[in-house]
Amino acid sequence: MRDGGHSWRKALLAGLAVALVPVLGLNVLLAVNFVTASQRDADGVAAEALGFVEERLDNASTALIGLALKGVSDCGPAEAATVQAAWRRAPQISEIAVVDAAGSATCSALGTPRVVRRASAEHEAISPELSLSTVTAGENGAQRLIRLQWRYPAGDGIRALVPGDQLFPKFLRGRGSAAFAVQVVMLDGPVVARRLLDPALAEPQPSIIPSVHAASASSRYPIRVDVDMPGGAISQANKSLFVYANLSGLLFAALTVAGAVLLSRRSGGPVREIHDGIRRGEFIPYYQPVIDIVTGRLTGCEVLVRWRKRDGSIVPPGRFISLAEASGEIFPMTLALMEAARDDLAAFYCDRPHLKLGFNLFAGHFDDVTIADEVEAIFSGSSIRMGQLMFEVTERQPLHDIRRARQVIARLQDLGARVALDDVGTGHGGLSYLLKLGVDVMKMDKMFVDAIGTDRYSVAIVDSLVKLAEDMNLDLIAEGVETIEQVEYLRAKGVRLAQGYVFAPPLPASSFLALVEAMSPLAREVDDAPKRLATA
């Protein structure tokens, strides 16, 4: 019986161990998973909040730079109208005021200037003339604001005040359910704005789950976004899952293993499909013509990618380009497009030196000069000249290092290629990219072209972009032109180059080459090709 009793006890202990170990292990796994997911969530919130803050500051900076370029230095009727128009385009600004050499506000076109006190050092922002600092206003400095200040050579200037509470979107939530605190902080310490998604976070409760912290610093402004998720908030948000895990440990463990196996089999599926598609040559170039709307001549094309699957179906880029960028497959995809375009067009471009060929590059291409070396390797032995190439800086993602990007652009220009800034006025960089990157060409986004004849504010932006390109000696290409009315308006404003469905959609190689032969026959080639020519 003793032996039997000991065997029974051993069996019981073994059974308990088998039952409890998965439950305990699952609790640990859940805790680690919740912390990991919360960290990803916090990182995402920090990045999203920083992007919103930078967008607000970009808009305010653009408005301030625009006023500075117009020489606004007092609050007369004309200047007041100019300031009010800028304020309507950047409503997050609470005040635009003229300041004297001592930094004191002398007048404002929006009312009496506010009395503010500086709460941080002044830092250079996107331009040496533009500084950013934190100021306080109200009783006991209760309100904190961002002050952007442009200085003229004489020391006077103009300032814009952005309240701290305008730096957060109205709705700020993470992918998870844990509450968090988010704050905007100057790099030298002062807090500009803070928001608690749950008042209970003011006094966080102790928890065995560690707290999560994330930070995202701006590369253009001296600010950082901090996100904190207390361990108690993470635990509270996932309380029910912990209970279910303990009540059904073995079943949950089995499902977790099965789910992990299933997830591992499925993970990377779309990315792998893209990888295999590149290897099989399924990503092909389509060519959208660029037209000189003054002479009616074909001046070149922009290369746009399409995915031609093995069943013959054509997949548009909106369904795969973001995943290709996130996974890094965009790099071999871009090289494959360049090689395919070279092979498609070399024989036709050889005898038509006025035709240009444009490619899109994304932010990651400007992290080092590798792309310039690859361009040289692909086209150096081709009959397509380097001077016929143009590369567009797209703004789907912000450039990570402006100085490094400028080096890459300079290297491409040294090869003889031209560089264009795509979607001017709508992307991450705004006017700061125009000021710092040294591009040759501006591309007017379809959003502004669509507004011609319908939206007087957007038309004013169109006129401003045309004038800006002229003042900066940049070529200007209008994208997304779809009506004759838009063509006539752009031509009247002095815009020469345009592309869009009013001329032709993106065309496969055979159709584009037929268009080249029709619009640029060799018998009619002349040597007076337009000098100010660029493509998208």
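Residues numbered from 1 in each chain as written. Predicted model: local features only at pLDDT ≥ 70, side-chain atom pairs only at ≥ 80, totals over all residues. Heavy atoms only, no water.

Draft legend 1. Molecular detail of the pairing of strand β8 (residues 181–186). The buried count for β8 comes to six of six residues, which makes it a mostly enclosed element. Burial along β8 is two-sided: A181, Q183 and V185 and V182, V184 and M186, pointing in opposite directions, are all buried. Relative to strand β9 (residues 191–196), β8 runs antiparallel, the two being bridged by five bridges. Bridge assignment links V184 to a residue of β9, and that residue is A193. Between the end of β8 and the start of β9, which pair antiparallel, lie four residues, with G189 showing a positive phi angle near 125°. Relative to strand β11 (residues 223–229), β8 runs antiparallel, the two being bridged by six bridges. Across the sheet, the residue bridging to V185 is R224, located in β11. (Buried < 20%, exposed > 50% of the residue type's maximum accessible area, 1.4 Å probe, protein only. Helix = DSSP H or I, 4+ residues; strand = E, 2+ residues; numbered from the N terminus. Pairing = 2+ DSSP bridges.)

Draft legend 2. Inspection of the pairing of strand β2 (residues 105–108) at higher detail. Bridging between strand β1 (residues 95–99) and β2 involves three bridges; their strand directions are antiparallel. The residue of β2 that forms the bridge with A97 is S108. Counting the residues between successive antiparallel strands, the hairpin from β1 to β2 contains five residues, one of them, G103, with a positive phi of roughly 90°.

Draft legend 3. Spatial organisation of the state of the cysteines. In the structure shown here, the tally under the stated rule is one disulfide. What pairs with C75 in a disulfide is C107, and their sulfur atoms sit 2.1 Å apart. In this structure the cystine formed by C75 and C107 twists about its S-S bond by roughly 90°; its chirality is therefore right-handed. Pair noted here: C75 is in the loop between α1 (2–69) and α2 (77–89) and C107 is in strand β2, with a separation of 32 residues, a long-range link. (Disulfide = S-S within 2.5 Å.)

Draft legend 4. Spatial organisation of helix α6 (residues 269–279). All buried positions along α6 are accounted for by I274, D276, G277 and I278. On its buried side, α6 packs onto β12 (283–292), β13 (298–308), α7 (321–327) and α8 (330–350). Directly after α6, the chain includes G281, whose backbone phi takes a positive value near 75°. (Contact = heavy atoms within 4.5 Å.)

Draft legend 5. A look at the pattern of salt bridges. Counted under the stated rule, the structure contains 22 salt bridges. In this structure, the salt-bridge partner of D276 is R279, at a minimum N-O distance of 3.5 Å. Of the two residues, D276 and R279 are both situated in helix α6; the distance of three residues between them amounts to about one turn of the helix. Judged by its relative accessible area of 15%, D276 is buried. Each member of the salt-bridge network shares a partner with another, and the members are E302, E392, K443 and E479. (Salt bridge = Lys/Arg side-chain N within 4 Å of Asp/Glu carboxyl O.)

Draft legend 6. Spotlight on unusual backbone geometry. The phi angle at N473 is positive, at roughly 55°, despite the residue not being glycine. By secondary structure assignment, the location of N473 is in the loop between α13 (456–471) and β19 (475–478).

Draft legend 7. Structural view of the nonpolar core. Residues L357, V375, F379 and L389 are the most contacted members of the largest nonpolar core, which totals 68 residues. Among the nonpolar cores identified, the runner-up in size contains 53 residues, and A109, A125, I158 and Y221 belong to it. (Core = buried A, V, L, I, M, F, W, Y, C linked by side-chain atoms within 4.5 Å.)

Draft legend 8. Region of interest: the side chain of T136. For T136, the location among the structural elements is in strand β5 (residues 130–137). The exposure class of T136 is buried, given its relative accessible area of 10%.

Draft legend 9. Region of interest: the environment of I461. With respect to the helices and strands, I461 occurs in helix α13. On the basis of relative accessibility, which here comes to 27%, the residue I461 falls in the partly exposed class. Residues I461 and F448, spaced 13 residues apart in sequence, show a C-alpha to C-alpha distance of 7.4 Å.

Draft legend 10. Summary view of helix α15 (residues 509–519). Among all positions in α15, only A509, F512, L513 and V516 are buried. Angularly, the buried residues of α15 cover 100° about the axis, an arc narrow enough to put them on a single face. The outward face of α15, more than 90 degrees from its buried face, is lined by the exposed residues S510 and A518. Buried-residue contacts for α15 involve β12, β13 and α8. (Arc of directions from axis to C-beta.)

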